[in-house]
Amino acid sequence: MSKQMTNDEKLKWMTETPVEKLVCKLAVPTIISMLVSSFYNMADTFFLGRSSDSVIATGAVGVVFPLMAIIQAIGFFFGHGCSNYISRKLGSKENELAENMASIGFFSALILGFVLMILGLVFLEPLAWALGSTELILPKAMEYMKYILIGSPYMVASLVLNNQLRFQGSAFFAMVGITTGAVINIVLDPILIFKFNMGVTGAAVATIVSQFISFLLLIGGIFRSSAIKIRIRNFKPSFYFYREIIAGGSPSLCRQGIASVATICLNFAAKPYGEVAIAAMAVVSKIAMFANSAIIGFGQGFQPVCGFNYGAGLTKRVLKAFWFCVKFAFVFLIFVSVIGVIFAPEIVNSFGNGEEVGEIAAATLRYQCIVFPLNSFIVLSNMLLQTIRKPVRATILAVSRQGLIFIPLVIILPMFMGLLGIEMCQMFSDILTFCLAVVLQIPVLRELKNENKKINA
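I will try to describe carefully the structure that is included in this document. Values in this document were obtained by computation on a predicted structure and should not be read as measured data.

Helices and strands together make up the secondary structure of the chain, namely 19 helices and zero strands. Its C-alpha radius of gyration of 21 Å places the chain within 12% of the 23 Å reference for a compact globule of 457 residues. For the chain, contacts bridging at least 24 residues in sequence account for 83% of all contacts bridging at least 6. Carbon together with sulfur atoms contributes 69% to the accessible area of the chain, which is approximately 17500 Å² in total. Separation of charge centres in the chain, based on 35 positive and 23 negative side chains, amounts to 13 Å.

Below is the structure:
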């Protein structure tokens with residue numbers, strides 16, 4: 001799509017191009033962004049696994065991971081909340097409302113990011129204990145967390161900019177911002193960790209420096225693309241706009257927020273089995289995130305198509321795009337599952353950390369791979385519900401996989417199955433979440449189908 005495309009031209013492109021071609025065109029940059037971003041998230045774990053105190057350092061990253069999930073939750077809350085609204089309003093040609101929402105979402109996220117930074121730095125040690133740190137891990141967890149908190153304002157704002165670009169069909173500029181930052185992080189990690197012997201501190205500094213560069217590039221992308229520009233004069237907060245952000249963003253907030261709580265519970269469940277178990281869970285979490293990131297990226301290519309066409313009343317195109325994405329994702333995840341099951345030991349051992357960590361991580365990864373294909377329907381259903389403003393259903397589904405279902409399981413299963421219960425927890429959670437997704441999604445799909453019949457009549 002041309003960066004000079006007007007709003008009317010963009011609307012025509014989004015509502016008349018064959019949905020399969022449109023989704024794939026929009027999905028390619030988002031898939032690349034998600035894969036590179038996930039690899040970027042794995043980089044700290046990968047390189048620290050080769051350091052002199054690999055288990056403690058990897059455990060520290062695993063402890064701080066829930067905090068990073070909270071930072072992401074805030075970014076996705078404002079990013080998805082304002083961007084869902086923007087795509088619908090552009091679809092219905094209400095451009096002024098879309099312009100106001102773009103600035104409100106961005107500046108609100110930036111302000112809340114500064115609040116999180118200040119509170120986190122003030123309560124640094126209690127926060128590290130609350131996230132599931134052990135005495136051995138605590139010093140390195142605090143050191144890593146300190147720098148992550150310093151970068152939290154622009155990390156949150158970057159997610160808002162990324163989503164605004166995607167939902168307006170300017171995914172290429174979002175990809176450039178995210179992938180450039182990721183590459184810089186991957187380059188800086190070994191330099192700071194090994195060459196300058198900074199260890200965990202080097203990993204954290206590499207992360208916040210690369211995130212800041214991403215932020216600057218995303219700002220540039222907003223002003224170079226056809227996306228709505230961020231302007232302080234359009235920052236006009238009101239109950240109406242925040243209500244819409246809550247409706248569109250609460251599923252993302254709950255999904256990411258509950259994932260943070262789930263990781264904390266996982267860390268506490270693994271504590272009786274020592275730092276080795278915590279490190280193993282950290283490794284598998286990063287690998288699973290990487291595997292799912294391609295499907296999330298593909299779904300992100302679907303969301304602007306869904307938003308524009310739903311806003312324009314073209315429900316037939318919404319349904320067609322949804323089922324195309326589900327089928328494609330299912331086939332892809334079958335391939336990923338087979339690779340994961342067969343090569344689990346080789347994959348987890350590439351992170352270092354020793355044989356004991358590798359054994360626990362390989363078993364955990366294999367159990368998760370068995371049910372990976374179910375995520376095709378779970379992820380795409382959640383994205384559809386969120387984009388067409390079904391906040392209750394979207395939120396319930398969003399918090400289930402790693403919240404309403406996962407948290408009780410990670411508490412209960414170890415009581416009866418020990419470490420095996422921890423290893424199998426995500427597998428059982430995915431099965432139950434898929435069943436819930438079917439129950440929540442089928443009535444909505446019928447509703448869209450009936451709306452399409454009425455329009456045709």
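All right, on to the nonpolar core then. Looking at soluble globular proteins, one finds that nonpolar side chains tend to be buried together. The biggest cluster of nonpolar side chains holds 134 residues, and the ones touching the most others in it are Y144, L380 and L384. Considering each element in turn, this core owes the most residues, 17 residues, to helix α11 (residues 275-311). With residues up to four places along the chain from it excluded, the contact list for L384 reads F302, C306, V318, F322, Q441, L445 and L448.

Attention now moves to unusual backbone geometry. Across residues other than glycine, the phi torsion is negative in most instances, and most of the peptide bonds are trans. We note that K93 has phi near 65 degrees; this positive angle belongs to a residue other than glycine. With respect to the helices and strands, the residue K93 is situated in the loop between α3 (54-91) and α4 (95-122). Among the residues examined, K93 registers a relative accessible area of 58% and is labelled exposed. If you check the backbone angles, N197 has positive phi at about 55 degrees while not being a glycine. Mapping N197 onto the fold places it in the loop between α8 (171-195) and α9 (199-224). Looking at N197, the relative accessible area reads 68%, which means it is exposed.

Before going further, it helps to spend a moment on helix α7 (residues 152-167). Here α7 spans 23 Å end to end across 16 residues, near enough to the 22 Å set by a 1.5 Å rise per residue. Among the 16 residues in α7, 16 count as buried, and that is most of the element. Just past α7, the residue G169 takes up positive phi, approximately 80 degrees.

In total, this model carries eight salt bridges according to the counting rule given. Between K146 and E143 there is a salt bridge whose closest N-O contact spans 3.6 Å. Of this pair, K146 and E143 both sit in helix α6 (residues 138-150), three residues apart, roughly one helical turn. Residues K390 and E447 are paired through a salt bridge, measuring 2.8 Å at the closest nitrogen-oxygen approach. One end of the pair, K390, is in the loop between α15 (375-387) and α16 (391-398); the other, E447, is in helix α19 (residues 419-456), and 57 residues separate them in sequence.

Okay, the packing of aromatic side chains next. In the structure shown here, the tally under the stated rule is 19 aromatic pairs. With 5.0 Å between their ring centres and 70 degrees between their planes, Y154 and F212 make a pair best called edge-to-face. Linking Y154 in helix α7 with F212 in helix α9, this pair joins segments that are 58 residues apart in sequence. Given the relative accessible area of 15%, Y154 is considered buried.

Our focus in this paragraph is α11. For α11, which comprises 37 residues, the first-to-last C-alpha distance of 50 Å matches the rise-based estimate of 54 Å (1.5 Å per residue) to within 8%. Of all bends in α11, the biggest is about 35 degrees, found at N292.

For the rest of this paragraph, the subject is the environment of F324. Following the sequence through the fold, F324 ends up in helix α12 (residues 315-342). In contact with F324, not counting residues within four places along its chain, are E20, V23, C24 and F298.

Residue position: F167 is located in helix α7. Accessibility expressed as a relative area gives 0% for F167, which makes it buried. C-alpha separation for the pair F167 and D44, spaced 123 residues apart in sequence, amounts to 30 Å.

With that out of the way, let us pick up the packing of α4 against helix α10 (residues 239-270). The N-to-C vectors of α4 and α10 enclose an angle of 75 degrees; their axes lie 11 Å apart at closest approach. One element, α4, and the other, α10, form an angle in the roughly perpendicular class. Where α4 approaches α10, its residues L97, N100, M101, I104, G105 and S108 are matched on the opposing element by Y240, F241, Y242, E244 and I245. A class-by-class count of the residues in the contact of α4 with α10 yields seven nonpolar, three polar and one charged.

What counts, and at which threshold
- Residues numbered from 1 in each chain as written.
- Predicted model: local features only at pLDDT ≥ 70, side-chain atom pairs only at ≥ 80, totals over all residues.
- Heavy atoms only, no water.
- Helix = DSSP H or I, 4+ residues; strand = E, 2+ residues; numbered from the N terminus.
- Rg over C-alpha atoms; globule rule 2.2 N^0.38 Å.
- Contact = heavy atoms within 4.5 Å.
- Areas by Shrake-Rupley, 256 points an atom, 1.4 Å probe, with all protein chains shown as cover.
- Lys, Arg positive; Asp, Glu negative; His and termini not counted.
- Charge placed at Lys NZ, Arg CZ, Asp CG, Glu CD.
- Core = buried A, V, L, I, M, F, W, Y, C linked by side-chain atoms within 4.5 Å.
- Buried < 20%, exposed > 50% of the residue type's maximum accessible area, 1.4 Å probe, protein only.
- Expected span 1.5 Å × (residues − 1).
- Salt bridge = Lys/Arg side-chain N within 4 Å of Asp/Glu carboxyl O.
- Phe/Tyr/Trp six-rings, centres within 6.5 Å; stacked < 30°, edge-to-face > 60°.
- Bend = angle between axes of the 7 residues up to and from the residue.
- Axes fitted to C-alpha atoms, helices over the stretch in contact; angles between N-to-C directions.
- Parallel < 35°, antiparallel > 145°, perpendicular 65-115°, else oblique.
- Nonpolar A, V, L, I, M, F, W, Y, C, P; charged D, E, K, R; others polar.

What is shown is where atoms sit, not what they do.
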